[in-house]
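Listed below are the residues making up each chain.
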Amino acid sequence: MLISVGSLQAQLTSFQEKETTLIFVRHAEKADDGTKDPPLNEEGVKRAEVLSKLMTENFSISAVFSTPYKRTLQTAQPLAEKIGQVVQVYNFTDPGELLNSIKEAHSGSAVLIVGHSNTTPMLVNMLLGAKKYEQLPEDEYGKYFVVQLHPDGAVTDQKLSY
């Protein structure tokens, strides 16, 4: 009888849904080259490597998303390479659809989404259903947001530094 109860519990556990973890980060430090699409500067390249290490040590990332700009792509690339994925480029034309498609395609897993000082907190706020976070200051790098979508519908969040 104990064996069958243990077996049943193992089966029930396997049917439980896992939370979906969406990690949002602003791109790393950019070069001041006078263009609208600057690459990362040396400090930014180092920060992107630190981010990659942080993500692989703390999460099982299944996908990496980025806007189509050099600075965001270069922030996302080290992690994508480390986990054997291609950076998936998104446009910010319909943020709600973006979030829905990521949640649907990556339910139960962890995803990194690289954006900008204004779009990153905006996406987090959309998931929370409240304006909790303001636009990041132009000179602030090294913050990331972890939003967990629980199977029961609860949403939890953290703002962390790296």
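For every chain, the first residue of its written sequence is number 1, and the numbers climb from 1 along that sequence. This being a predicted model, a pLDDT of at least 70 is required before a residue's local features are given, and a value of 80 or more before pairs of side-chain atoms are given or counted; all residues contribute to the totals for chains, interfaces and linings. Only hydrogens and water are set aside; all other atoms, that is, all heavy atoms of the structure, feed into the side-chain values.

### Focus: helix H3 (residues 70–82)
Turning to step 1, where the next piece is worked out: Strands here mean DSSP runs of E at least two residues long; helices mean DSSP runs of H or I at least four residues long; both are numbered from the N terminus. What a helix is expected to span follows from its residue count: subtract one and scale by 1.5 Å. Between its terminal C-alpha atoms H3 stretches 19 Å, which fits the 18 Å expected from 13 residues at 1.5 Å a residue.
Turning to step 2, where the next piece is worked out: Its axis deflected by about 35° at alanine 76, H3 carries its strongest bend there, up to four residues before the proline proline 78.
Turning to step 3, where the next piece is worked out: Here the term buried applies to any residue with accessible area under 20% of the maximum for its type, exposed to any over 50%, and partly exposed to those in between, with areas from a 1.4 Å probe on protein chains only. Arg71, Thr72, Thr75, Ala76, Pro78, Leu79 and Ala80 are the residues of H3 that are buried.
Turning to step 4, where the next piece is worked out: The elements touched by buried residues of H3 are helix H2 (42–58), strand E2 (61–66) and strand E4 (110–115).
Turning to step 5, where the next piece is worked out: Immediately downstream of H3, the backbone of glycine 84 shows phi near 70°, a positive value. Bending is quantified residue by residue as the angle between axes fitted to the seven-residue window ending at that residue and the seven-residue window starting at it. Residue contacts follow a heavy-atom distance rule, with two residues in contact if any of their heavy atoms lie within 4.5 Å.

### As for the sheet that holds strand E6 (residues 155–161)
Turning to step 1, where the next piece is worked out: Within the open sheet, the 6 strands sit side by side as E3-E2-E4-E1-E5-E6. Their pairing is mixed. Each edge of the open sheet is held by one strand with a lone partner, namely strand E3 (88–89) and E6.
Turning to step 2, where the next piece is worked out: Strands are treated as partners if at least two bridges between them are detected by DSSP. One ladder, built from 2 bridges, connects E2 with E3; its direction is parallel. What sits directly across from serine 66, in E3, is valine 89.

### Quick word on the packing of H2 against H3
Turning to step 1, where the next piece is worked out: The geometry of H2 relative to H3 is characterised by a closest axis approach of 8 Å and an angle of 40° between their N-to-C directions. One way to sum up the angle between H2 and H3 is to call them oblique. Of the two possible hands of crossing, H2 and H3 adopt the one that is right-handed. Between H2, through Ala48, Glu49, Leu51, Ser52, Lys53, Met55 and Thr56, and H3, the contact on the second element is made entirely by Gln74, Thr75, Pro78, Leu79 and Lys82.
Turning to step 2, where the next piece is worked out: Think of it as three bins: nonpolar holds Ala, Val, Leu, Ile, Met, Phe, Trp, Tyr, Cys and Pro, charged holds Asp, Glu, Lys and Arg, and polar takes everything else, Gly as well. Looking at the contact of H2 with H3 residue by residue, the classes come out as 5 nonpolar, 4 polar and 3 charged. Axes, fitted as lines to C-alpha atoms, cover a helix only where it is in contact. Angles between the N-to-C directions of the axes lie from 0 to 180 degrees. Note on terminology: angles under 35 degrees are roughly parallel, angles over 145 are roughly antiparallel, angles of 65 to 115 are roughly perpendicular, and the others are oblique. If you view the pair so one helix is near and one far, a crossing is left-handed when the near helix is turned anticlockwise from the far one by less than a right angle, and right-handed when it is turned clockwise.

### Description of the pattern of salt bridges
Turning to step 1, where the next piece is worked out: Salt bridges are defined by distance alone: a side-chain nitrogen of Lys or Arg within 4 Å of a carboxyl oxygen of Asp or Glu. Tallied over the full model, the rule gives 8 salt bridges.
Turning to step 2, where the next piece is worked out: In this structure, glutamate 134 and lysine 131 form a salt bridge, with 3.8 Å as the shortest nitrogen-oxygen distance. Of the two residues, glutamate 134 and lysine 131, both sit in the exposed class.
Turning to step 3, where the next piece is worked out: Among the charged side chains, a network of salt bridges with common partners joins Arg26, Lys30 and Glu138.

### Looking at the pairing of E4
Turning to step 1, where the next piece is worked out: For E4, the buried fraction is high: 6 of the 6 residues fall into the buried class.
Turning to step 2, where the next piece is worked out: Sheet topology places E2 next to E4; 5 bridges connect them, and they run parallel. Looking at E4, one finds that valine 64 is bridged to leucine 112.

### Observations concerning the nonpolar core
Turning to step 1, where the next piece is worked out: Among the buried residues, those of types Ala, Val, Leu, Ile, Met, Phe, Trp, Tyr and Cys that are joined through side-chain atoms within 4.5 Å form a nonpolar core. Ranked by internal contacts, the top residues of the largest apolar core, which has 18 residues, are Leu22, Phe24 and Ile113.
Turning to step 2, where the next piece is worked out: Going through the elements one at a time, strand E1 (20–26), E2, helix H4 (95–105), E4, helix H5 (119–128) and strand E5 (143–149) are the ones with two or more residues in this core.
Turning to step 3, where the next piece is worked out: Contact partners of phenylalanine 24, with chain neighbours within four places excluded, come to Leu99, Ile113, Thr120, Leu123, Val124, Leu127, Tyr144, Phe145 and Val147.

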